[in-house]
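The primary structure of each chain is shown beneath.
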Amino acid sequence: MREFYIFYINNEFKYNIKLDPYILYKVFEELHNINKIDMKYGVNIYNNITKPINKKFMNNKIYNEYKNNDSYTKFMNNHRYNDYYSNEKSLLIVKNSYIKLDTSSINSSFLKSLQKFKNLFVCDFNNKDYFWVESIA
């Protein structure tokens with residue numbers, strides 16, 4: 001299983017960091033591993049880099065795209081996609097500060113549907129992987 005954290009990046013910050021997403025990944029990795037003593041400092045950095053996610057809007061967009069798919073279910077902010085033909089099992093959770101995707105597939109259908117949204121940056125801290133959602137081919 002892959003565990004992706006998806007962040008909505010501030011426009012100005014994205015413009016400044018676009019050439020080297022590794023720097024952005026390293027910042028998120030440090031924030032992911034921050035200790036409780038430095039938490040206030042980390043929250044300040046996080047708020048300068050990211051923008052809040054409109055949960056209602058995002059949930060509605062995802063739901064409307066998958067509502068007629070038999071492999072899809074939704075409960076509150078949790079979206080599940082279990083496709084037995086492609087062997088994909090994915091859980092996407094929309095939060096105010098990020099989106100979390102647990103998936104059995106590197107090419108999750110949820111990632112493909114999120115391509116419509118600009119400024120989404122994906123980090124997989126366990127596998128040291130990162131990319132812009134819009135760059136998925």
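Residues numbered from 1 in each chain as written. Predicted model: local features only at pLDDT ≥ 70, side-chain atom pairs only at ≥ 80, totals over all residues. Heavy atoms only, no water.

*Asks:* What's the story with the nonpolar core in this structure? I'm lost.
*Replies:* A general trend in soluble globular proteins is that nonpolar side chains are found buried together. Within the largest apolar cluster, 20 residues are counted, with the highest numbers of intra-cluster contacts made by Ile6, Met58, Ile62, Leu92, Phe110 and Leu114. Among the elements of the structure, strand S1 (2-8), helix H4 (55-66), strand S4 (88-94), strand S5 (99-103), helix H5 (109-113) and strand S6 (120-124) are those that each provide at least two residues to this core. Core analysis: the second largest hydrophobic core is formed by 14 residues, Phe28, Leu31, Tyr46 and Tyr98 among them. (Core = buried A, V, L, I, M, F, W, Y, C linked by side-chain atoms within 4.5 Å. Buried < 20%, exposed > 50% of the residue type's maximum accessible area, 1.4 Å probe, protein only. Helix = DSSP H or I, 4+ residues; strand = E, 2+ residues; numbered from the N terminus.)

*Asks:* Got a minute to help me understand the side chain of Ser109 in this structure?
*Replies:* Looking at the element boundaries, Ser109 is found in helix H5. If near-sequence neighbours (up to four positions away) are discounted, Ser109 is found in contact with Tyr66, Tyr81 and Glu88. (Contact = heavy atoms within 4.5 Å.)

*Asks:* Can you walk me through the pairing of strand S7 (residues 129-132) in this structure?
*Replies:* In the case of a regular strand, side chains alternate between the two sheet surfaces. The pairing of S6 with S7 spans four bridges and is antiparallel. Its bridge partner being in S7, Val122 is matched across the sheet by Phe131. Linking S6 back to S7 in an antiparallel pair, the connection comprises four residues, with Lys128 at a positive phi of about 55°. (Pairing = 2+ DSSP bridges.)

*Asks:* In this structure, what is going on with the sheet that holds S1? I would like to understand it.
*Replies:* Each strand in a sheet pairs with another by means of backbone hydrogen bonds, the pair being arranged parallel or else antiparallel. Read across the open sheet, the seven strands follow the order S2-S3-S4-S5-S1-S6-S7; overall the sheet is antiparallel. Each edge of the open sheet carries a strand with a single partner, namely strand S2 (72-75) and S7. Across the sheet, the mean angle from the axis of one strand to that of its neighbour is 15°, orientation sign disregarded. Bridging between S1 and S6 involves four bridges; their strand directions are antiparallel. By the bridge assignment, Tyr8 is partnered in S6 with Leu120. Lying on the sheet, helix H2 (residues 21-32) is in contact with S1, S6 and S7; it crosses S6 at an angle near 60°. (Axes fitted to C-alpha atoms, helices over the stretch in contact; angles between N-to-C directions.)

*Asks:* Can you help me understand the packing of aromatic side chains in this one?
*Replies:* To describe a pair of aromatic rings, one takes the distance between the centres and the angle between the planes. For the coordinates displayed, the defined rule picks out 19 aromatic pairs. Each ring, one from Tyr81 and one from Phe110, has its centre 6.2 Å from the other, and the planes form 70°; the classification is edge-to-face. Linking Tyr81 in strand S3 (residues 78-83) with Phe110 in helix H5, this pair joins segments that are 29 residues apart in sequence. Take Tyr81: its relative accessible area is 8%, and that puts it in the buried class. Residue class for Phe110 comes out buried when judged on its relative accessible area of 1%. Feature note: the residues Tyr5, Phe7, Tyr22, Tyr25, Phe28, Tyr46, Tyr98, Phe121, Phe125, Tyr130 and Trp132 constitute an aromatic cluster, connected by ring pairs. (Phe/Tyr/Trp six-rings, centres within 6.5 Å; stacked < 30°, edge-to-face > 60°.)

Keep in mind these values describe shape, not function.
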